[in-house]
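So you can see what is in the structure, the chains are spelled out below.
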Amino acid sequence: MKKITFLLSLILSTMAYGQLVTNGDFQTGTAAPWYGNAANVVDLGGGAFANQANVTAVGNAFNVNLSQVVNLTSGNTYELSFVAFTDSVTNSRSLIVGLGQAGAPWTALTTTSILTPDPQTFTYQFTINYGDAVNDRVIFDMGAALGFVFIDDVSVVQVVSTCNNGVQDGNETGVDCGGSCPPCLPSPTVAAPAQPNRPAADVISIFSDSYAPIATLNYSGEDGQPSNDNTFNTSWCPGATTLVQVQGNNTNKVTGLGCEGVAFFAGRFNATGFTRFHIDIWTPISTQDKVFSFKFSNWNNTTGETNAYEYTATNANTLPSGAQGTWITIDIPFSTPTFNCINTPPGNACPSVSDFTQFVITSNLGTVYYDNLYLHKNTVLSTNDLETLNARIYPNPATNLLNIESEISIEKVSVYNILGLEVISKSPNAELVTLDVSSLQVGVYIVKTSINGNVSSTRFIKE
(Lines give C-alpha, C1' and ligand atoms only; values in the text may rest on other atoms or scores of the structure.)
Protein backbone atom coordinates (compact mmCIF):
# COMPACT_ATOMS: atom_id res chain seq x y z
CA MET A 1 0.00 0.00 0.00
CA LYS A 2 3.05 2.28 0.40
CA LYS A 3 3.40 4.47 -2.65
CA ILE A 4 6.92 4.96 -4.02
CA THR A 5 6.22 8.52 -5.10
CA PHE A 6 4.95 9.42 -1.66
CA LEU A 7 8.00 7.88 0.01
CA LEU A 8 10.32 9.82 -2.29
CA SER A 9 8.52 13.05 -1.44
CA LEU A 10 8.74 12.20 2.24
CA ILE A 11 12.48 11.52 2.02
CA LEU A 12 13.13 14.81 0.22
CA SER A 13 11.06 16.72 2.74
CA THR A 14 12.85 15.04 5.62
CA MET A 15 16.23 15.94 4.19
CA ALA A 16 15.22 19.53 3.68
CA TYR A 17 13.12 20.35 6.69
CA GLY A 18 13.05 17.44 9.19
CA GLN A 19 10.30 14.89 9.73
CA LEU A 20 8.45 15.59 12.99
CA VAL A 21 6.29 12.45 13.17
CA THR A 22 7.64 9.11 14.45
CA ASN A 23 6.25 5.81 13.15
CA GLY A 24 4.06 7.67 10.67
CA ASP A 25 3.90 4.60 8.44
CA PHE A 26 3.05 2.26 11.39
CA GLN A 27 5.59 -0.23 10.03
CA THR A 28 6.74 -1.08 13.57
CA GLY A 29 3.49 -3.06 13.87
CA THR A 30 2.61 -1.15 17.04
CA ALA A 31 0.98 2.23 17.60
CA ALA A 32 3.50 3.94 19.93
CA PRO A 33 4.13 6.85 20.13
CA TRP A 34 0.61 7.32 18.74
CA TYR A 35 -2.03 7.39 21.46
CA GLY A 36 -5.80 7.66 21.86
CA ASN A 37 -8.67 5.20 21.85
CA ALA A 38 -8.36 4.87 18.05
CA ALA A 39 -4.70 3.74 18.22
CA ASN A 40 -4.91 0.29 16.61
CA VAL A 41 -2.29 -0.92 14.10
CA VAL A 42 -3.35 -3.71 11.71
CA ASP A 43 -1.55 -5.78 9.10
CA LEU A 44 -2.95 -5.02 5.65
CA GLY A 45 -1.02 -7.86 4.07
CA GLY A 46 2.06 -7.84 1.91
CA GLY A 47 4.14 -6.34 4.73
CA ALA A 48 2.07 -3.14 4.90
CA PHE A 49 0.61 -1.79 8.12
CA ALA A 50 -1.87 1.01 8.87
CA ASN A 51 -3.92 2.31 11.76
CA GLN A 52 -7.54 1.10 11.76
CA ALA A 53 -10.50 2.39 13.75
CA ASN A 54 -14.21 1.54 13.52
CA VAL A 55 -16.76 4.06 14.82
CA THR A 56 -19.97 2.27 15.80
CA ALA A 57 -21.81 5.15 17.47
CA VAL A 58 -21.93 8.79 16.34
CA GLY A 59 -20.96 11.41 18.93
CA ASN A 60 -18.44 14.22 19.30
CA ALA A 61 -15.63 13.99 16.78
CA PHE A 62 -13.00 13.93 19.55
CA ASN A 63 -14.66 10.94 21.22
CA VAL A 64 -12.68 8.71 18.87
CA ASN A 65 -9.17 10.05 18.48
CA LEU A 66 -5.68 9.21 17.25
CA SER A 67 -2.91 11.65 18.25
CA GLN A 68 0.86 12.02 18.51
CA VAL A 69 2.83 14.72 20.32
CA VAL A 70 5.05 16.78 18.00
CA ASN A 71 7.20 19.86 18.57
CA LEU A 72 5.81 22.87 16.68
CA THR A 73 6.77 26.53 16.92
CA SER A 74 4.18 29.28 16.89
CA GLY A 75 4.45 31.44 13.78
CA ASN A 76 5.84 28.64 11.62
CA THR A 77 3.91 26.87 8.87
CA TYR A 78 3.73 23.06 8.78
CA GLU A 79 2.50 20.61 6.18
CA LEU A 80 0.45 17.64 7.37
CA SER A 81 0.22 14.83 4.85
CA PHE A 82 -1.32 11.35 5.18
CA VAL A 83 -3.04 8.56 3.30
CA ALA A 84 -6.58 7.60 4.41
CA PHE A 85 -9.52 5.53 3.19
CA THR A 86 -12.61 3.72 4.46
CA ASP A 87 -14.11 0.33 3.59
CA SER A 88 -16.55 -0.41 0.76
CA VAL A 89 -19.46 -0.89 3.17
CA THR A 90 -19.06 2.52 4.75
CA ASN A 91 -18.32 3.91 1.26
CA SER A 92 -17.93 7.54 2.37
CA ARG A 93 -17.37 9.28 5.67
CA SER A 94 -15.68 12.38 7.15
CA LEU A 95 -12.53 12.70 9.20
CA ILE A 96 -11.39 15.81 11.11
CA VAL A 97 -7.63 16.32 10.92
CA GLY A 98 -5.19 18.99 11.99
CA LEU A 99 -2.56 20.25 14.39
CA GLY A 100 -3.25 21.61 17.86
CA GLN A 101 -2.49 21.67 21.55
CA ALA A 102 -1.96 18.44 23.46
CA GLY A 103 -3.45 19.93 26.63
CA ALA A 104 -5.82 22.62 27.89
CA PRO A 105 -7.17 24.79 26.40
CA TRP A 106 -6.91 22.30 23.48
CA THR A 107 -6.75 24.96 20.76
CA ALA A 108 -6.57 23.31 17.35
CA LEU A 109 -6.29 24.12 13.66
CA THR A 110 -8.35 21.56 11.77
CA THR A 111 -10.03 20.74 8.51
CA THR A 112 -12.30 17.94 7.26
CA SER A 113 -11.33 15.15 4.88
CA ILE A 114 -13.88 12.99 3.04
CA LEU A 115 -12.79 9.36 2.81
CA THR A 116 -13.72 6.82 0.13
CA PRO A 117 -12.72 3.15 -0.31
CA ASP A 118 -9.85 4.27 -2.57
CA PRO A 119 -6.72 5.36 -0.68
CA GLN A 120 -6.15 9.10 -1.07
CA THR A 121 -3.22 11.30 -0.10
CA PHE A 122 -4.40 14.39 1.79
CA THR A 123 -2.07 17.37 2.27
CA TYR A 124 -2.81 20.47 4.33
CA GLN A 125 -0.77 23.41 5.59
CA PHE A 126 -1.30 25.07 8.96
CA THR A 127 0.38 28.15 10.41
CA ILE A 128 0.60 27.79 14.18
CA ASN A 129 -0.93 30.85 15.86
CA TYR A 130 -1.81 29.76 19.40
CA GLY A 131 1.57 30.20 21.10
CA ASP A 132 4.07 27.76 22.59
CA ALA A 133 2.81 27.41 26.17
CA VAL A 134 1.35 23.91 25.61
CA ASN A 135 2.79 20.90 23.79
CA ASP A 136 1.51 20.25 20.26
CA ARG A 137 0.03 17.18 18.60
CA VAL A 138 -1.21 15.70 15.33
CA ILE A 139 -4.99 15.25 15.48
CA PHE A 140 -7.26 12.69 13.85
CA ASP A 141 -10.82 13.00 15.25
CA MET A 142 -13.25 10.48 13.78
CA GLY A 143 -16.16 10.11 16.24
CA ALA A 144 -18.66 12.26 14.30
CA ALA A 145 -19.36 9.67 11.57
CA LEU A 146 -19.92 5.90 11.41
CA GLY A 147 -17.63 3.36 9.83
CA PHE A 148 -14.04 2.34 9.35
CA VAL A 149 -11.07 4.73 9.09
CA PHE A 150 -7.68 3.57 7.83
CA ILE A 151 -4.75 6.03 8.26
CA ASP A 152 -1.21 5.56 6.96
CA ASP A 153 1.96 7.41 5.87
CA VAL A 154 1.50 10.38 8.22
CA SER A 155 4.03 13.18 7.78
CA VAL A 156 4.47 16.59 9.41
CA VAL A 157 7.26 18.86 8.09
CA GLN A 158 7.94 22.55 8.43
CA VAL A 159 7.26 24.54 5.29
CA VAL A 160 10.24 26.78 4.46
CA SER A 161 9.98 28.79 1.27
CA THR A 162 13.09 28.63 -0.88
CA CYS A 163 12.27 32.19 -1.94
CA ASN A 164 13.35 33.79 1.33
CA ASN A 165 15.98 31.57 2.93
CA GLY A 166 19.08 33.33 1.59
CA VAL A 167 20.22 30.28 -0.41
CA GLN A 168 19.98 29.46 -4.10
CA ASP A 169 18.02 26.21 -3.95
CA GLY A 170 14.91 24.64 -5.39
CA ASN A 171 14.53 25.76 -9.00
CA GLU A 172 15.89 29.26 -8.37
CA THR A 173 18.20 30.87 -10.89
CA GLY A 174 19.60 33.26 -8.28
CA VAL A 175 19.52 33.63 -4.51
CA ASP A 176 15.80 33.66 -3.56
CA CYS A 177 14.78 34.59 -7.09
CA GLY A 178 13.98 33.06 -10.46
CA GLY A 179 12.18 29.81 -11.18
CA SER A 180 9.02 29.69 -9.10
CA CYS A 181 10.24 32.64 -6.99
CA PRO A 182 9.97 36.31 -7.98
CA PRO A 183 12.10 37.20 -11.02
CA CYS A 184 15.75 38.03 -10.32
CA LEU A 185 16.52 41.73 -10.46
CA PRO A 186 19.34 42.93 -12.69
CA SER A 187 22.58 44.12 -11.14
CA PRO A 188 25.14 46.68 -12.34
CA THR A 189 27.67 45.43 -14.86
CA VAL A 190 29.64 48.68 -14.93
CA ALA A 191 31.41 50.07 -11.87
CA ALA A 192 30.45 53.41 -10.37
CA PRO A 193 32.00 56.45 -12.09
CA ALA A 194 35.72 56.99 -11.50
CA GLN A 195 36.40 59.72 -8.97
CA PRO A 196 38.67 62.76 -9.37
CA ASN A 197 42.18 62.75 -7.93
CA ARG A 198 41.27 64.86 -4.91
CA PRO A 199 43.80 65.89 -2.26
CA ALA A 200 43.63 63.39 0.60
CA ALA A 201 43.17 66.17 3.16
CA ASP A 202 40.11 67.42 1.29
CA VAL A 203 38.14 64.15 1.47
CA ILE A 204 36.35 62.37 4.31
CA SER A 205 35.51 58.99 2.83
CA ILE A 206 33.00 56.61 4.42
CA PHE A 207 32.99 54.11 1.54
CA SER A 208 35.02 54.27 -1.66
CA ASP A 209 37.92 52.51 -3.36
CA SER A 210 39.16 55.90 -4.55
CA TYR A 211 39.92 57.36 -1.11
CA ALA A 212 41.11 55.83 2.15
CA PRO A 213 38.10 55.46 4.51
CA ILE A 214 37.92 57.24 7.85
CA ALA A 215 38.15 53.99 9.83
CA THR A 216 38.23 50.24 9.43
CA LEU A 217 35.06 48.97 7.80
CA ASN A 218 33.20 46.09 9.42
CA TYR A 219 30.38 44.44 7.46
CA SER A 220 29.39 41.92 10.12
CA GLY A 221 28.79 43.98 13.25
CA GLU A 222 25.11 44.00 14.17
CA ASP A 223 25.10 44.67 17.89
CA GLY A 224 24.80 48.44 17.51
CA GLN A 225 27.25 49.00 20.36
CA PRO A 226 30.24 51.36 20.22
CA SER A 227 33.05 49.54 18.45
CA ASN A 228 36.54 50.12 17.16
CA ASP A 229 35.40 50.29 13.58
CA ASN A 230 32.63 51.28 11.25
CA THR A 231 29.54 49.10 11.58
CA PHE A 232 27.19 48.52 8.65
CA ASN A 233 23.88 46.69 9.26
CA THR A 234 23.45 48.20 12.73
CA SER A 235 20.71 46.76 14.93
CA TRP A 236 18.92 50.10 15.08
CA CYS A 237 18.72 50.36 11.29
CA PRO A 238 19.49 46.89 9.93
CA GLY A 239 19.58 47.16 6.16
CA ALA A 240 20.81 43.93 4.58
CA THR A 241 24.16 45.25 3.34
CA THR A 242 26.64 43.04 1.50
CA LEU A 243 29.93 43.86 -0.17
CA VAL A 244 29.94 42.92 -3.87
CA GLN A 245 32.36 43.37 -6.75
CA VAL A 246 31.40 45.30 -9.88
CA GLN A 247 34.19 45.21 -12.45
CA GLY A 248 36.63 44.61 -9.61
CA ASN A 249 35.34 47.63 -7.71
CA ASN A 250 34.03 47.22 -4.16
CA THR A 251 30.37 48.21 -4.04
CA ASN A 252 27.80 48.06 -1.26
CA LYS A 253 24.51 46.33 -2.06
CA VAL A 254 21.56 47.04 0.23
CA THR A 255 18.41 44.94 -0.07
CA GLY A 256 15.16 45.58 1.71
CA LEU A 257 15.59 49.34 2.03
CA GLY A 258 14.16 50.30 4.37
CA CYS A 259 16.87 51.67 6.38
CA GLU A 260 20.62 51.20 6.63
CA GLY A 261 22.62 52.57 9.52
CA VAL A 262 26.38 53.10 9.59
CA ALA A 263 28.14 53.79 12.89
CA PHE A 264 31.74 55.03 12.87
CA PHE A 265 32.63 55.36 16.53
CA ALA A 266 36.35 54.98 15.81
CA GLY A 267 36.09 57.47 12.98
CA ARG A 268 33.94 60.23 14.48
CA PHE A 269 34.91 63.29 12.54
CA ASN A 270 34.62 67.05 12.33
CA ALA A 271 33.18 68.02 8.95
CA THR A 272 33.85 71.74 9.33
CA GLY A 273 35.14 73.17 6.06
CA PHE A 274 33.81 70.36 3.88
CA THR A 275 31.52 71.88 1.30
CA ARG A 276 30.01 69.02 -0.72
CA PHE A 277 28.46 65.59 -0.26
CA HIS A 278 28.87 62.81 -2.84
CA ILE A 279 27.32 59.38 -3.40
CA ASP A 280 26.78 57.21 -6.48
CA ILE A 281 23.74 54.92 -6.45
CA TRP A 282 22.35 52.25 -8.81
CA THR A 283 18.96 50.58 -8.51
CA PRO A 284 17.04 48.06 -10.61
CA ILE A 285 13.80 49.45 -9.15
CA SER A 286 11.87 52.16 -10.98
CA THR A 287 12.75 55.53 -9.51
CA GLN A 288 9.37 57.01 -10.41
CA ASP A 289 7.82 58.56 -7.28
CA LYS A 290 10.58 57.11 -5.09
CA VAL A 291 12.82 58.79 -2.52
CA PHE A 292 16.39 58.25 -1.36
CA SER A 293 17.20 59.99 1.91
CA PHE A 294 20.34 60.20 4.03
CA LYS A 295 21.29 61.80 7.31
CA PHE A 296 24.43 62.56 9.29
CA SER A 297 24.00 62.38 13.06
CA ASN A 298 26.04 64.91 15.08
CA TRP A 299 26.70 63.95 18.72
CA ASN A 300 28.62 67.08 19.75
CA ASN A 301 31.05 65.00 21.87
CA THR A 302 28.19 63.48 23.87
CA THR A 303 26.69 59.98 23.96
CA GLY A 304 23.78 60.69 21.63
CA GLU A 305 22.47 62.81 18.79
CA THR A 306 22.29 66.54 19.42
CA ASN A 307 21.46 67.60 15.87
CA ALA A 308 21.45 66.09 12.39
CA TYR A 309 21.95 66.98 8.74
CA GLU A 310 19.51 65.34 6.32
CA TYR A 311 18.65 65.40 2.63
CA THR A 312 15.96 63.65 0.56
CA ALA A 313 16.53 62.98 -3.13
CA THR A 314 13.28 62.91 -5.13
CA ASN A 315 12.22 63.12 -8.77
CA ALA A 316 12.01 66.87 -8.27
CA ASN A 317 15.72 67.31 -7.47
CA THR A 318 18.54 64.76 -7.75
CA LEU A 319 16.73 61.43 -8.29
CA PRO A 320 15.77 61.39 -11.98
CA SER A 321 12.57 59.58 -12.90
CA GLY A 322 13.28 56.50 -15.00
CA ALA A 323 16.96 56.35 -14.05
CA GLN A 324 16.90 52.74 -12.88
CA GLY A 325 19.64 50.54 -14.30
CA THR A 326 22.17 53.39 -14.50
CA TRP A 327 24.50 55.03 -12.02
CA ILE A 328 23.00 58.15 -10.48
CA THR A 329 25.48 60.66 -9.10
CA ILE A 330 24.37 62.87 -6.22
CA ASP A 331 26.92 65.62 -5.55
CA ILE A 332 25.35 68.49 -3.66
CA PRO A 333 26.35 71.40 -1.40
CA PHE A 334 26.97 70.23 2.14
CA SER A 335 25.19 73.16 3.72
CA THR A 336 21.76 74.57 4.42
CA PRO A 337 19.33 75.02 2.79
CA THR A 338 20.29 72.03 0.56
CA PHE A 339 20.60 69.94 3.70
CA ASN A 340 17.94 70.28 6.35
CA CYS A 341 19.39 70.78 9.82
CA ILE A 342 17.43 69.13 12.62
CA ASN A 343 17.92 70.84 15.94
CA THR A 344 17.22 68.25 18.63
CA PRO A 345 17.01 68.59 21.57
CA PRO A 346 16.15 72.32 21.77
CA GLY A 347 19.02 74.60 22.57
CA ASN A 348 21.69 72.83 20.55
CA ALA A 349 23.55 74.74 17.88
CA CYS A 350 22.26 74.17 14.37
CA PRO A 351 23.89 73.68 12.02
CA SER A 352 26.70 71.83 13.78
CA VAL A 353 29.00 69.38 12.01
CA SER A 354 31.73 68.97 14.61
CA ASP A 355 31.15 65.36 15.68
CA PHE A 356 29.50 63.14 13.07
CA THR A 357 29.10 59.65 14.54
CA GLN A 358 26.42 57.94 12.45
CA PHE A 359 25.13 57.96 8.89
CA VAL A 360 21.67 56.69 7.89
CA ILE A 361 20.14 55.83 4.52
CA THR A 362 16.38 55.45 4.18
CA SER A 363 14.56 54.72 0.94
CA ASN A 364 11.60 52.94 -0.61
CA LEU A 365 13.66 51.76 -3.59
CA GLY A 366 14.03 48.27 -2.11
CA THR A 367 17.41 47.37 -3.64
CA VAL A 368 20.23 49.88 -4.00
CA TYR A 369 23.91 49.58 -4.88
CA TYR A 370 26.08 52.47 -3.76
CA ASP A 371 29.69 53.61 -3.95
CA ASN A 372 31.85 56.69 -3.45
CA LEU A 373 30.18 57.87 -0.27
CA TYR A 374 32.21 60.82 0.99
CA LEU A 375 32.42 64.51 1.85
CA HIS A 376 34.84 66.76 -0.01
CA LYS A 377 35.97 70.35 -0.48
CA ASN A 378 35.37 70.40 -4.24
CA THR A 379 39.10 70.44 -4.92
CA VAL A 380 41.01 68.34 -7.43
CA LEU A 381 44.74 68.04 -7.98
CA SER A 382 45.29 70.20 -11.04
CA THR A 383 47.07 69.15 -14.18
CA ASN A 384 50.03 71.29 -13.12
CA ASP A 385 50.12 69.48 -9.76
CA LEU A 386 50.12 66.11 -11.48
CA GLU A 387 52.82 67.23 -13.86
CA THR A 388 54.84 68.45 -10.90
CA LEU A 389 54.42 65.07 -9.23
CA ASN A 390 55.14 63.34 -12.55
CA ALA A 391 54.87 59.94 -10.90
CA ARG A 392 53.79 56.63 -12.34
CA ILE A 393 52.94 53.25 -10.85
CA TYR A 394 53.67 50.03 -12.72
CA PRO A 395 52.78 47.29 -13.37
CA ASN A 396 49.13 47.73 -12.57
CA PRO A 397 47.70 45.15 -11.91
CA ALA A 398 50.69 43.76 -9.99
CA THR A 399 51.39 40.28 -8.64
CA ASN A 400 54.71 40.43 -6.79
CA LEU A 401 56.41 43.81 -7.23
CA LEU A 402 54.93 47.29 -7.56
CA ASN A 403 57.10 50.20 -8.73
CA ILE A 404 56.50 53.88 -8.01
CA GLU A 405 58.72 56.15 -10.07
CA SER A 406 59.07 59.93 -10.12
CA GLU A 407 61.47 62.54 -11.46
CA ILE A 408 61.42 64.09 -7.99
CA SER A 409 62.41 62.29 -4.80
CA ILE A 410 59.52 60.32 -3.31
CA GLU A 411 59.19 61.19 0.38
CA LYS A 412 56.70 58.56 1.50
CA VAL A 413 54.59 55.76 0.07
CA SER A 414 51.67 54.19 1.97
CA VAL A 415 49.45 51.37 0.77
CA TYR A 416 45.97 50.95 2.26
CA ASN A 417 43.55 48.07 1.83
CA ILE A 418 39.86 48.70 1.28
CA LEU A 419 39.31 48.45 5.03
CA GLY A 420 41.46 51.54 5.47
CA LEU A 421 44.31 49.64 7.11
CA GLU A 422 47.83 50.70 6.21
CA VAL A 423 49.48 47.48 4.99
CA ILE A 424 52.73 48.91 3.58
CA SER A 425 54.62 52.10 4.45
CA LYS A 426 58.00 53.35 3.28
CA SER A 427 59.87 56.65 3.45
CA PRO A 428 62.47 56.08 0.73
CA ASN A 429 63.52 59.62 -0.27
CA ALA A 430 64.33 58.14 -3.66
CA GLU A 431 63.04 58.54 -7.20
CA LEU A 432 62.23 54.85 -7.58
CA VAL A 433 60.50 52.73 -4.97
CA THR A 434 59.86 48.99 -5.39
CA LEU A 435 57.28 47.46 -3.07
CA ASP A 436 56.92 43.73 -2.40
CA VAL A 437 53.16 43.12 -2.67
CA SER A 438 53.34 39.34 -3.03
CA SER A 439 51.91 38.75 0.45
CA LEU A 440 48.89 41.00 -0.07
CA GLN A 441 45.52 39.44 -0.71
CA VAL A 442 44.00 39.81 -4.15
CA GLY A 443 41.96 43.00 -4.37
CA VAL A 444 42.00 46.77 -4.80
CA TYR A 445 44.39 48.97 -2.81
CA ILE A 446 45.01 52.70 -2.45
CA VAL A 447 48.57 53.97 -2.89
CA LYS A 448 49.23 57.40 -1.36
CA THR A 449 52.45 58.99 -2.58
CA SER A 450 54.02 62.10 -1.03
CA ILE A 451 56.24 64.09 -3.39
CA ASN A 452 57.50 67.56 -2.67
CA GLY A 453 54.80 68.06 -0.02
CA ASN A 454 51.97 67.02 -2.35
CA VAL A 455 49.99 63.81 -1.84
CA SER A 456 48.38 61.79 -4.61
CA SER A 457 46.06 58.78 -4.20
CA THR A 458 46.06 56.07 -6.84
CA ARG A 459 44.40 52.69 -7.02
CA PHE A 460 46.26 49.53 -7.90
CA ILE A 461 44.96 46.00 -8.28
CA LYS A 462 46.73 43.08 -6.67
CA GLU A 463 46.35 39.92 -8.75
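Conventions we followed
- Residues numbered from 1 in each chain as written.
- Predicted model: local features only at pLDDT ≥ 70, side-chain atom pairs only at ≥ 80, totals over all residues.
- Heavy atoms only, no water.
- Helix = DSSP H or I, 4+ residues; strand = E, 2+ residues; numbered from the N terminus.
- Buried < 20%, exposed > 50% of the residue type's maximum accessible area, 1.4 Å probe, protein only.
- Disulfide = S-S within 2.5 Å.
- Pairing = 2+ DSSP bridges.
- Axes fitted to C-alpha atoms, helices over the stretch in contact; angles between N-to-C directions.
- 1 Å grid on protein atoms, 1.4 Å probe; cavity = no way out; pocket = protein on both sides within 12 Å on 5 of 7 lines; lining within 4 Å.
- Points joined across faces, edges and corners; volume = space filled by probe spheres on them.
- Contact = heavy atoms within 4.5 Å.
- Polar contact = N/O pair within 3.5 Å; in protein donor to acceptor, adjacent residues only side chain to side chain.
- Salt bridge = Lys/Arg side-chain N within 4 Å of Asp/Glu carboxyl O.

**Some details on unusual backbone geometry**
- Between Leu257 and the following residue, Gly258, the backbone shows a cis peptide bond with an omega angle of -25°.
- Along the chain, the position of Gly258 falls in strand β14 (residues 249–264).
- Residue Pro395 is reached from Tyr394 by a cis peptide bond, and omega for that bond is -15°.
- Topologically, Pro395 is positioned in the loop between β21 (391–394) and β22 (401–416).
- At Asn91, a residue that is not glycine, the phi angle is positive and equals roughly 75°.
- If you trace the backbone, Asn91 turns up in the loop between β4 (77–85) and β5 (93–101).
- For Asn300, which is not a glycine, the phi torsion comes out positive at approximately 55°.
- Residue class for Asn300 comes out partly exposed when judged on its relative accessible area of 34%.

**Looking at the state of the cysteines**
- Scanning the model with the defined rule gives 2 disulfides in all.
- Here Cys163 pairs with Cys181 through a disulfide, and the sulfurs are 2.0 Å apart. Measuring the twist about the S-S bond at about -90°, one finds the Cys163-Cys181 disulfide to be left-handed. Here Cys163 is found in the loop between β9 (147–158) and β10 (203–207), whereas its partner Cys181 is found in the loop between β9 and β10, with 18 residues between them in sequence.
- Using a relative accessible area of 6% as the deciding quantity, one classes Cys181 as buried.
- Here Cys177 is linked by a disulfide to Cys184, with a sulfur-sulfur distance of 2.0 Å. The sign of the S-S torsion, about 90°, decides the handedness of the disulfide formed by Cys177 and Cys184: right-handed.

**Section: the sheet that holds β5**
- Taking strand neighbours across the sheet as the criterion, the 4 strands line up as β3-β8-β5-β6 in an open arrangement whose pairing is antiparallel. In the strand order of this sheet, the two ends are held by β3 (65–70) and β6 (108–115), each with one partner. Averaged over all pairs of adjacent strands, the angle between strand axes in this sheet comes to 15°, irrespective of strand direction.

**Some thoughts on the layout of surface pockets**
- Each pocket or cavity is described by its volume, and for the largest pocket that value is around 410 Å³.
- Residue lining of the largest pocket: 18 residues in total, with Val175, Cys177, Leu185, Lys253 and Thr255 positioned closest to the centre.
- At the level of secondary structure, the elements contributing two or more residues to the lining of the largest pocket comprise β13 (240–246), β14 and β20 (356–376).
- By residue number, the principal contributor to the lining of the largest pocket is β13, which donates 3 residues.

**Let's talk about the sheet that holds strand β7 (residues 120–127)**
- If you trace the 5 strands from one edge of the open sheet to the other, you get β1-β2-β9-β4-β7, paired in antiparallel fashion. Both outer strands of the open sheet, β1 (41–45) and β7, are each paired with one neighbouring strand and no more. For this sheet, the mean inter-axis angle between neighbouring strands, taken without regard to orientation, is 40°.
- Two strands pair when backbone bridges link them, and β4 and β9 are joined in this way by 7 bridges, in the antiparallel orientation.

**Some points on empty space enclosed by the protein**
- Applying the stated criterion across every chain yields a total of 1 cavity of 30 Å³ or more.
- Taken together, Ala192, Pro193, Ala194, Gln195, Ser210, Asn249, Asp371, Asn372 and Arg459 make up the full set of residues lining the largest cavity.

**Comments concerning the side chain of Ser210**
- With respect to the helices and strands, the residue Ser210 is situated in the loop between β10 and β11 (217–218).
- Each residue touching Ser210, except ones within four places of it in the same chain, is listed here: Gln195, Asn372, Ile446, Ser457 and Arg459.

**What to know about the environment of Asn249**
- Mapped onto the elements, Asn249 comes out in strand β14.
- Along the chain, Asn249 and Val190 lie 59 residues apart, while their C-alpha atoms are 9.3 Å from each other.
- When near neighbours in sequence (up to four residues on either side) are disregarded, Asn249 contacts Ala191, Ala192, Asp209, Val244, Asp371 and Arg459.
- There is a polar contact of 2.4 Å between the side chain of Asn249 and the side chain of Asp371.

**Let's talk about the pattern of salt bridges**
- Throughout the structure, instances matching the rule amount to 3 salt bridges.
- The residue Asp355 makes a salt bridge to Arg268 at a minimum N-O spacing of 2.6 Å. Remark: Arg268 occurs in the loop between β14 and β15 (276–282) and Asp355 occurs in the loop between β19 (340–343) and β20; sequence separation between them is 87 residues.
- For Asp355, a relative accessible area of 4% corresponds to the buried category.
- Arg276 is the partner of Asp331 in a salt bridge, and the nearest nitrogen-oxygen pair spans 2.6 Å.

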